[in-house]
Amino acid sequence: MAAETSPKRVVQPEISEAEDGRMILNIGPQHPSTHGVLRVLAKVAGETIEEAECDIGYLHRGVEKLIETKRYYQGMTYTDRTDYTAAPANNLGYILAVEKLLGIENEIPDRAHYLRMIVMELARIYGHLIWIGTHALDMGAMSMFLYAFREREKISGLFEEGCGARLTTNFFRVGGVGRHDDPPGWLEHVQEFAETFTVEEFDTLLTDNELYKSRTKGVGIISTEDAISIGLTGPSLRGSGVEWDLRRHRPYARYNEIDYKIPVFTEGDVYARYMVRLNELYQSRSMIAQCVERARDLRGEPANANLADVVWPEIERVSGWQPDKRSGDMEAMINHFKLVIEGYKPPAGDAYFGVESPKGELGFYFVSDGSGIPYRCHIRSPSFVNLSSLKQLVEGGLMADLVACIGSIDIVLGEVDR
Amino acid sequence: MADYLNSYLFIGAILFTLGAFGVLVRRNIIVVLLSVELMLQGVNLSLGAFSTFYHDMGGYMLVLLSLAIAAAEAVVGLAILVALSRHVDEFYVDRLKSLRW
Amino acid sequence: MSDLACTWLGLMATIFGLGTVLLRSPVHSALSLVMVVFHVAGLFVLMGAGFLAALQVIVYAGAIIVLFLFTMMLLNLEQHDNEPHMHRYQKWLGFPLGGALLIEATWIALAQANPSETLLGKYSPERLSELGGTAFGIADAMFTSYLLPFEVAGVLLLAASVAALSLARKPDEDIMKAMPDMVSDAAGSMTQPSVQESKLNQSPTERGDNH
Amino acid sequence: MVDGWDIVILAIKGLVVLALLALAPMIFVLAERKILGRIQARVGPNRVGPRGYLQTFADAMKLGAKEDLIPPGGDKLIFWLAPLFMAVPAATSLSVLPIGPEVEIGRTIGLWVTDLNVGVLLILAMGSLAAYGPVMSGWSSNSKYAHFGALRSSAQVISYEISLGLAVLAVLMYAGSFSLVDIVNSQKQMWHIVPQILGFFIFAASAVAETNRPPFDLPEAETEIVAGYHVEYSGMRWAMFFLAEYANMFVASMLVTILYLGGWNGWTIPGLEGIMGVMWTLLKAFFFIFVYFWLRAVLPRLRYDQLMGFCWKILLPAGVLNLFLVAILRTIWS
């Protein structure tokens, strides 16, 4: 309906364009609260949105196609840039899918799994913090945003310490973690963060805030059936009363070995989704503490699989960084050279792996033709699927509810458009 | 001049006439309503002037009542406009021919 | 000084009154009516009725004309450019009739000399200042001799607000559904219960099936 | 009667008001940014001048140097006039606000520009004119977001004007005068906030809503309708909206002080009544301005229907109740 607005230039203050005299409001792609370059065409009657259409693709970079032109280990850098609010989660999905394709998922040492889980849960907090900040900002509570970013900055620091990058982490490698061990003191810093991170602050600021409750309770309701039929995943689904969490129900890494609860709320409104994410912050905090403990117990054990044709040799062996040596181990150098030039070659076939990213089920699907470059890569991005519920969430609501709803399904346009 | 009643009455008369003229000649229904308000302005001015110069509160009271009536008139008139827009979407008085739709 | 002010205010009120009547765009008309209201309020101040001036601005400028503007924006009452904004024939009738009215009214106005002592009421400026101002005089009169009109005005306002509510209310959708023929016959351009509206009436699960 | 000195004094008072109109927003903007910074665990502006104190002046210069854009298809004349319609009522209101008692400097001078016997009504009238700036700018901008802002603003200002008026009515009942100076003087024994605590909260809420400040900042809610009615404005014209907003905040704070918090009444040093009075008035007003900043920092925004519901379903009945209670109290105590 709305996409075909007339091409004629507007000369007079012209409000009504639709044939029935309703105003078509073009929300985005530069609107401040569409969380990126989402464009929503809304047919409004006064403040009420009668019809809404999403127009996406403003951030399309062809990530899937780019991955199909690169070797497996190179493709992972692109995944940092899909859901850029929680890059390690994408990295994890990518490498787990590649490991499944290679058939080496059982070779990964425990220590690598726990390090991955630490980073993954840090990423969850990282992602939920930016969500809680921007969502509260959309509702007009501007202080939350800065409190969230203050905490988020600490995690950025941890990422930087762990892998050298703050935002586009590229943290893991197929077969293990990026560096052959965590940097000295890093686990202690993570533990310190897990002890000092105060979710309670956000809890007290919003959970019982009457204004926030009145803005979010009963707004943007999505029923359990609808949530399932649309294909919602992650906190948005758990806000509609479905207990579905890939960490628990299709366990990967070592998620079945630590204690955590899956928060589920049945109301299906914006407030329920907020409560799910808030409780996940508590859960992730305790999960990090547990994982750090396990990882410290396993200190000294390898953090990478012992697979010479997949895992890059240690950097010291290749380049010989010791001052008295001019060059490194010859075998290691040849191995490294071949891995860089050719990459590893998974057997022909396909593999799908979904992980529970902060936004929902993030799946990577690979088809391999036996070469070092994926024949086909598809990303099942949770934001894209969750965004398809927007029409149902906002129609019949008010303008302000639209903002609350877009915030509540936690989309990142980098992931929607890919 | 400000000390004479008839100067105020003269201004009031001009405003009233302008309003009446507007009611007669304008086609747009909302301007007709505005012209009625203009007529009321003229009347208010005259009433206030009478009251001031005759040392009596009657005129002021009538101004207050005319304010109330103007508010009521505007409210009902605009409500009719809203209903009109919902039904026929036509705001030229010479094209509004049916009393009932 | 006050003569000058009176002339100036009267002149400006006339100019803006002309603007109200003659300007093509209804929004411009409404805004020049606001200016008329200000100048009439100024005239009230000049004759010593500051209370009335303030009320005038609060009620007319602050409520009534804002309501007009509000409605204009809500309904997009913009005048079409290619259409005349005055009646074709009535215009020529309007000029002589308006002129005649003006002459008549002016004649009456000029016939009003200042009142003689015998006609004066009891609220002389001295008594008003003794009471504490025009506001007190009005209160004195309102709650004694003019109590009934005051109450009636209250009832009138109530009736007007009820009338406005019932007039501007959205047409009852059940009635629209029950009598679709009558509705669609009445006017071609009329808004019918559109597809979107009926979709909104469905239960959420039904709507979910579209996906 | 009227001699040369009176005219000189009046001119000085007028200049003071104009200076206040220009300077107060600058101070408030800086204060707001600093205070918000403190509340939000950051520093706020700290680059221009000593500790960032000249930031607002730099901003003002930047705005003055910017291009004045007029959107195509809009109504140029009204687009030009709209900022004036915002700023002029604010300035007019400032002129009737008394900031201190009468002082003796050779002659008796009241620390106010004019003491109108309808002062409260004048301020209410100017407050009701506040709807025009948004409506005119929103209509003339040829922008849908501006249009939305204008619609929201006009509905909001009209509605809250009523509850504001009801709260003021109760004060007038106690003071027995429309003059602001008389109202302050009637609070020598007891501030009006004591018998009218309900009215005070109604007035405060309505005043925040009238000035379009958070959590009632729907007309310019930047996350919903981008910036509402002034989305198309730039440069000095935008600065006038900004200036008017802060001037209105100052007027509202002063009104709360005068109507409920006793104005310049407070503990004084004998002989320094004038200075102490001004100090008390400004202190009380600045506290209320601080509350404005505070609200902005901590509260989410209301939704449009909740805003209207709050006015018509809560404030208005509460206002009538307050009026009733105050009438009873007044009858009993007098």
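In this text the structure is predicted, and so the values were computed from the model without any measurement.

1. Brief notes about the overall build of chain C
Summing up its helical and strand segments, chain C has eleven helices and zero strands in all. Per-residue burial over chain C gives 40% buried out of 211 residues. Put simply, of all contacts in chain C between residues at least 6 apart along the chain, 48% involve residues at least 24 apart. Roughly 11,600 Å² of accessible area belongs to chain C as shown, and the carbon and sulfur atoms make up 66% of that amount.

2. With respect to the interface of chain A and chain D
Each side of the interface is counted separately: chain A has 40 residues, and chain D has 30 residues. Surface buried jointly by chain A and chain D totals about 3,000 Å² across both partners, of which 60% is contributed by carbon and sulfur atoms. Counting every contact that joins chain A to chain D gives one salt bridge. Across the pair arginine 303 of chain D and aspartate 401 of chain A runs a salt bridge whose closest N-O atoms are separated by 3.0 Å. One can count eight residue pairs in polar contact (both at pLDDT 80 or more) joining chain A with chain D. Where the side of chain A that touches chain D is concerned, the elements lending two or more residues are strand 1 (23-27), helix 4 (110-138), helix 5 (142-163), helix 8 (210-216) and helix 17 (399-408) of chain A.

3. A few points about the pairing of strand 7 (residues 360-368) of chain A
When a strand is regular, its side chains alternate between the sheet's two faces. Residues and elements named next belong to chain A. Counted residue by residue, strand 7 has seven buried out of nine residues, so it is predominantly covered. Two elements, strand 6 (residues 349-357) and strand 7, share nine bridges in a ladder whose sense is antiparallel. Along strand 7, the bridge assignment pairs phenylalanine 353 with phenylalanine 364. The sheet contact formed by strand 7 and strand 8 (residues 376-380) spans five bridges and is antiparallel. Paired with phenylalanine 364 across the strands is isoleucine 379, a residue of strand 8.

4. Considering the interface of chain B and chain C
Each side of the interface is counted separately: chain B has 76 residues, and chain C has 93 residues. With both sides pooled, the region where chain B packs onto chain C buries about 7,400 Å², and carbon together with sulfur makes up 75% of that total. If you look at where chain B meets chain C, you find zero salt bridges. For the pair chain B and chain C, the number of links is four residue pairs in polar contact (both at pLDDT 80 or more). Mapped by element, the contributors of at least two residues to the side of chain B that touches chain C are helix 1 (5-25), helix 2 (29-53) and helix 3 (58-87) of chain B. Sort the elements by how many residues they give to the side of chain B that touches chain C and helix 3 of chain B lands first, with 24 residues.

5. Focus: the environment of glycine 300 of chain A
With respect to the helices, strands and loops of the structure, glycine 300 of chain A is situated in the loop between helix 12 (270-297) and helix 13 (315-319). On the basis of relative accessibility, which here comes to 71%, the residue glycine 300 of chain A falls in the exposed class.

6. Some details on the packing of helix 4 of chain A against helix 17 of chain A
Residues and elements named next belong to chain A. At a minimum axis separation of 9 Å, helix 4 and helix 17 run at an interaxial angle of 180°. Taken as axis vectors, helix 4 and helix 17 run roughly antiparallel relative to one another. Within the contact between the two elements, helix 4 uses Trp131, His135 and Asp138 and helix 17 uses Val403, Ala404, Gly407 and Ser408.

7. Observations regarding helix 14 (residues 330-342) of chain A
In this model, helix 14 of chain A (13 residues) spans 18 Å end to end at C-alpha, consistent with the 18 Å of a helix rising 1.5 Å per residue. Where helix 14 of chain A terminates, the next one or two residues include glycine 343 of chain A, which has phi positive at roughly 75°.

8. Let's talk about the packing of helix 2 (residues 72-79) of chain A against helix 3 (residues 87-102) of chain A
All names here are of chain A. As a packed pair, helix 2 and helix 3 sit with axes 9 Å apart at the nearest point and diverge in direction by 155°. Classified by the interaxial angle, the pair formed by helix 2 and helix 3 is roughly antiparallel. Note on packing geometry: the crossing formed by helix 2 with helix 3 is right-handed. Residue-level contacts link Tyr72, Gly75, Met76 and Thr79 of helix 2 to Asn90, Asn91, Tyr94, Ile95, Val98 and Leu101 of helix 3. Counted by class, the contact of helix 2 with helix 3 contains six nonpolar, four polar and no charged residues.

Thresholds, definitions, all that
- Residues numbered from 1 in each chain as written.
- Chains lettered and ligands numbered in written order.
- Predicted model: local features only at pLDDT ≥ 70, side-chain atom pairs only at ≥ 80, totals over all residues.
- Heavy atoms only, no water.
- Helix = DSSP H or I, 4+ residues; strand = E, 2+ residues; numbered from the N terminus.
- Buried < 20%, exposed > 50% of the residue type's maximum accessible area, 1.4 Å probe, protein only.
- Contact = heavy atoms within 4.5 Å.
- Areas by Shrake-Rupley, 256 points an atom, 1.4 Å probe, with all protein chains shown as cover.
- Buried area = accessible area lost by both parts, 1.4 Å probe.
- Salt bridge = Lys/Arg side-chain N within 4 Å of Asp/Glu carboxyl O.
- Polar contact = N/O pair within 3.5 Å; in protein donor to acceptor, adjacent residues only side chain to side chain.
- Pairing = 2+ DSSP bridges.
- Axes fitted to C-alpha atoms, helices over the stretch in contact; angles between N-to-C directions.
- Parallel < 35°, antiparallel > 145°, perpendicular 65-115°, else oblique.
- Expected span 1.5 Å × (residues − 1).
- Left-handed = near helix turned anticlockwise from the far one by under 90°.
- Nonpolar A, V, L, I, M, F, W, Y, C, P; charged D, E, K, R; others polar.

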